[in-house]
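Chains, contacts and geometry: an overview
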Amino acid sequence: MPTGEAVETVQLTLNTIRGLSMDAVQAANSGHPGLPMGAAAMGYALFARHLRFDPEAPDWFNRDRFILSAGHGSMLLYSLLFLTGYDLSLDDIKNFRQWGSKTPGHPENFMAPGVEMATGPLGQGFATGVGMAIAEEMLRAAFPDDVGHWTYAICSDGDLMEGVSHEAASLAGHLQLGRLVYLYDSNRVTIDGKTDLAYSDDVAGRFAAYGWHVSKCDGMDVDQVDQRIAGAKGDARPSLIVCTTTIGYGSPNKADSEQSHGSPLGVEEVKSAKIALGIPLEPLFFVPGEVREHMLEVGSRCRKERIASENKIDEALKKRLAGEMDHSWERHLPVFEGAMATRASSGKIINAIAKGAPQLVGGSADLTDSNQTEIIGGDTFSARSRMGRNIHFGVREHAMACAVNGLNLHGGLRAFGGTFLIFSDYMRPPIRLAALMRSGSIFVFTHDSIGLGEDGPTHQPIEHLMGLRAIPNLAVFRPADANETAAAWKIALERNEGPTALVLTRQPVPPLSLGIEGGLRGGYVLRESSTDPSLMLIATGSEVSICVEAREMLESEGIPTRVVSIPCWELFGEQPQEYRDSVLPPSVTARVSVEAGATLGWDRWIGSYGKAIGLDHFGASAPYKRIYEEFGLTPEKIADAARSLV
Ligand SMILES: Cc1ncc(C[n+]2csc(CCOP(=O)(O)OP(=O)(O)O)c2C)c(N)n1
């Protein structure tokens, strides 16, 4: 307990958090007052008595991580950040949910210091914290003198209903992530009403069965929460503390009801609640001097420790935290000869990178061989071996992607996760969140089209590429050969401000490009026409080589044909207009795009006069060459389409 923590001050602090939350939601005329009012004691116990943080250095590498998984309760987090002295002012609180404010409706990690990740989509925070805890274990194993912290979260009924939290809890229990301490705000209310409408799990029993340490307490009682956190820290298992709380605590007519969950209490009800809690009605956003003083003291609690730890930090760790990476692998890339699936070239590249870059870690959702994601000789990360670099996420794609985000957000590591492209659907929420959070997560998707063959249409992605391309700030790379795959990895590693999806073939593709330079621009002329082009074939991935064959046919008929490869639309789109026009001269309007997937969107590159060849229907189960023939993805059919344009 920090010095000067009188019982009255604690109570006053809890009520200040409640008052600020009510006022901010009321002023914004939208938001969620219920959770902050009910979970104020949980938040206080954590921040004042356990969480190691320093508002003067929000990025302190060895800080404890705290995630408000139930992001709709953002005013709880903002109140705590403001009161403890982060660069978040009372005006920011007053501007809750307003244009340009640091206090958006749901927390966003790049908007305010002290916010570790964006939360709001329930379950994401829970699962991302698991990745942060894995990162801590890995880094502590490598730098035992420098790293050692806890990962905390407050999660809600909604978080624990979401499937992804089930996956992530199972993984965390298996891996025995003992430095994970989650406080469950068990207020038994969601939007529709009481949780018994839809939820009758024995949550404690469920988590015990996952291998977690579970304890229970009155979540309205700071001392009890404090003691349970202390108990959790003393246990080698991940911990869930079931904190029984009252949503909207203090509101005479709306507490313990869904009415306090997600809308302003109303001016009169706020007044009644303030009277009930003993908060002065005026001024609004009232912060008693002793509360501010006490909470600033709380905020300075770890300053000495922070400065000392930053002063002695290991040089190698410092470099890693700065994102410095050994790029010598580019010089030592294997020489790629002969046809090879891009998943296979990716596997070789991963291992080339991994040799010089210990921060590269990753794994697959039970498809390690298929995805070629193993770091050979890298050992398996497990409850016994924290030095392992290969993570077996199990058949848990959603939790894997969240964990990959957590690993990358933590700092000090670059993490990837692999599965089949078709199952990117199971990962879409964290992929989107990675893009929003500006996390450098790397997603390795193999078996990228009908080219996977016999497994059939349940496994053959159609709309996935376009669906991924529609996510802002996600670079989607579908390389045509090994060199482009190397370019894709280089781009992925250099993208610290956004995620990359690598979309790779199962089937072999011939070597086509001369080096990685073209791929590094996202799009380039792969085969020039014999004279000024009258036609362009534009493709990605495995369809580029088919276009090269079609070009031979067309050229032999006297049609000068250029082949353009655009492995990464986003990157190509960012190139200067001049460069793009040099690759796709505006005067050449006869353009055919070829991609084994949905054609929606190709008009961006082929214009109004072009023809898009792709698949706007499901695939089929057969050897892949037959499927390509049946669906018209052959040099002959491409040449036919091209002839009709010139
Ligand atoms: C994935 C997802 N689905 C739905 C929602 C919309 N939503 C926001 S809060 C909420 C209910 C939350 O109940 P609970 O988690 O118990 O929070 P509390 O009522 O305690 O504030 C829902 C369904 C969401 N944010 N995320």
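Everything numeric here is computed off the predicted structure, so don't read it as measured data. (Residues numbered from 1 in each chain as written. Predicted model: local features only at pLDDT ≥ 70, side-chain atom pairs only at ≥ 80, totals over all residues. Heavy atoms only, no water.)

Near the ligand, the surroundings consist of 15 residues, among which His72, Gly120, Ser156, Gly158 and Asn187 are the closest. In the model, a nitrogen atom of the ligand is placed 2.8 Å from a nitrogen or oxygen of the Gly120 main chain. Protein chains bury 74% of the 590 Å² of accessible surface belonging to the ligand in isolation. Here the shell around the ligand is built from residues that sort into six nonpolar, seven polar and two charged. (Near = heavy atom within 4 Å. Polar contact = N/O pair within 3.5 Å; in protein donor to acceptor, adjacent residues only side chain to side chain. Areas by Shrake-Rupley, 256 points an atom, 1.4 Å probe, with all protein chains shown as cover. Nonpolar A, V, L, I, M, F, W, Y, C, P; charged D, E, K, R; others polar.)

Among the secondary structure elements, Arg495 is positioned in the loop between α19 (482-494) and β12 (500-503). Here Arg495 occupies a buried position and makes no salt bridge, while the nearest side chain of opposite charge, Glu574, is found at 5.1 Å. Looking at Arg495, its side chain comes within polar contact range of the side chain of Thr500, at 3.4 Å. The contact partners of Arg495, leaving out residues within four places of it in the chain, are Arg414, Gly440, Asn473, Leu474, Ala475 and Thr500. (Helix = DSSP H or I, 4+ residues; strand = E, 2+ residues; numbered from the N terminus. Buried < 20%, exposed > 50% of the residue type's maximum accessible area, 1.4 Å probe, protein only. Lys, Arg positive; Asp, Glu negative; His and termini not counted. Salt bridge = Lys/Arg side-chain N within 4 Å of Asp/Glu carboxyl O. Contact = heavy atoms within 4.5 Å.)

The next thing to look at is the sheet that holds strand β17 (residues 591-594). With mixed pairing, the five strands of this open sheet are ordered in space as β14-β16-β15-β17-β18. Of all strands in the sheet, those with a lone pairing partner are β14 (524-527) and β18 (611-613), marking the two edges. Strand-to-strand twist across the sheet, computed as the mean angle between neighbouring axes with direction ignored, equals 30 degrees. Pairing of strand β15 (residues 535-539) with strand β16 (residues 561-565), which is carried by five bridges, proceeds in the parallel orientation. (Pairing = 2+ DSSP bridges. Axes fitted to C-alpha atoms, helices over the stretch in contact; angles between N-to-C directions.)

With respect to the element layout, Arg414 can be found in strand β9 (residues 414-420). Nearest to the buried, unbridged Arg414 among oppositely charged side chains is Glu494, at 9.3 Å. Of the polar contacts made by the side chain of Arg414, one reaches the backbone oxygen of Leu493; its length is 2.7 Å.

The subject of this paragraph is the sheet that holds strand β3 (residues 180-186). What the five strands build is an open sheet, ordered β1-β2-β3-β5-β4; its pairing is parallel. Two strands in the sheet have a free side with no partner beyond their single neighbour: β1 (65-68) and β4 (213-218). Strand-to-strand, the axes of this sheet are offset by a mean angle of 20 degrees, without reference to chain direction. As paired elements, β3 and strand β5 (residues 239-244) share six bridges and run parallel to each other. Note that in β5 the partner of Asp185 across the bridge is Cys243. Packed onto the sheet, helix α5 (residues 124-142) meets β1, β2 (151-156) and β3 and runs at close to 165 degrees relative to β3.

Further remarks concern the pairing of β4. If a strand is regular, its side chains alternate between the two faces of the sheet. What you see with β4 is a clean split: His213, Ser215 and Cys217 sit on the buried side and Val214, Lys216 and Asp218 on the side with no burial. The pairing of β4 with β5 spans six bridges and is classified as parallel. From the neighbouring strand, His213 faces β5, where its bridge partner is Ser239.

Each assigned domain of the protein chain is listed with its residue range as follows: domain 1 (7-309), domain 2 (328-509) and domain 3 (519-643). Averaged C-alpha coordinates put domain 2 and domain 3 at centres separated by 25 Å. Every contact between the two is made by 29 residues of domain 2 and, on the other side, 36 residues of domain 3. Contact between domain 2 and domain 3 buries roughly 2,500 Å² in total, counting both sides, with carbon and sulfur atoms accounting for 63%. Among the residues of domain 2 in contact with domain 3, Ile450, Ile462 and Arg478 are the three that bury the most area, contributing 26% of the side total. One can count two salt bridges joining domain 2 with domain 3. Taking the shortest distance from any N to any O, the salt bridge between Glu595 and Arg469 comes out at 2.7 Å. Among the elements of the structure, α18 (464-469), β11 (475-477), α19 and β13 (508-509) are those that each provide at least two residues to the side of domain 2 that touches domain 3. Residue contributions to the side of domain 2 that touches domain 3 peak at four residues, all from α19. (Domains from an automatic or database assignment. Buried area = accessible area lost by both parts, 1.4 Å probe.)

Time to look at the packing of aromatic side chains. For the structure on display, the rule yields 19 aromatic pairs. With a centroid separation of 5.9 Å and 90 degrees between ring planes, the pair formed by Phe416 and Trp489 is classed as edge-to-face. One end of the pair, Phe416, is in strand β9; the other, Trp489, is in helix α19, and 73 residues separate them in sequence. An identical accessibility class is assigned to Phe416 and Trp489; each is buried. Measuring from centroid to centroid gives 6.4 Å for Tyr624 and Tyr628, while their planes differ by 85 degrees, and the two rings are edge-to-face. One end of the pair, Tyr624, and the other, Tyr628, are both in helix α25 (residues 624-630), four residues apart, so they sit about a helical turn from each other. Note on Tyr624: relative accessible area 23%, which makes it partly exposed. You can call Tyr628 buried: its relative accessible area is 7%. (Phe/Tyr/Trp six-rings, centres within 6.5 Å; stacked < 30°, edge-to-face > 60°.)

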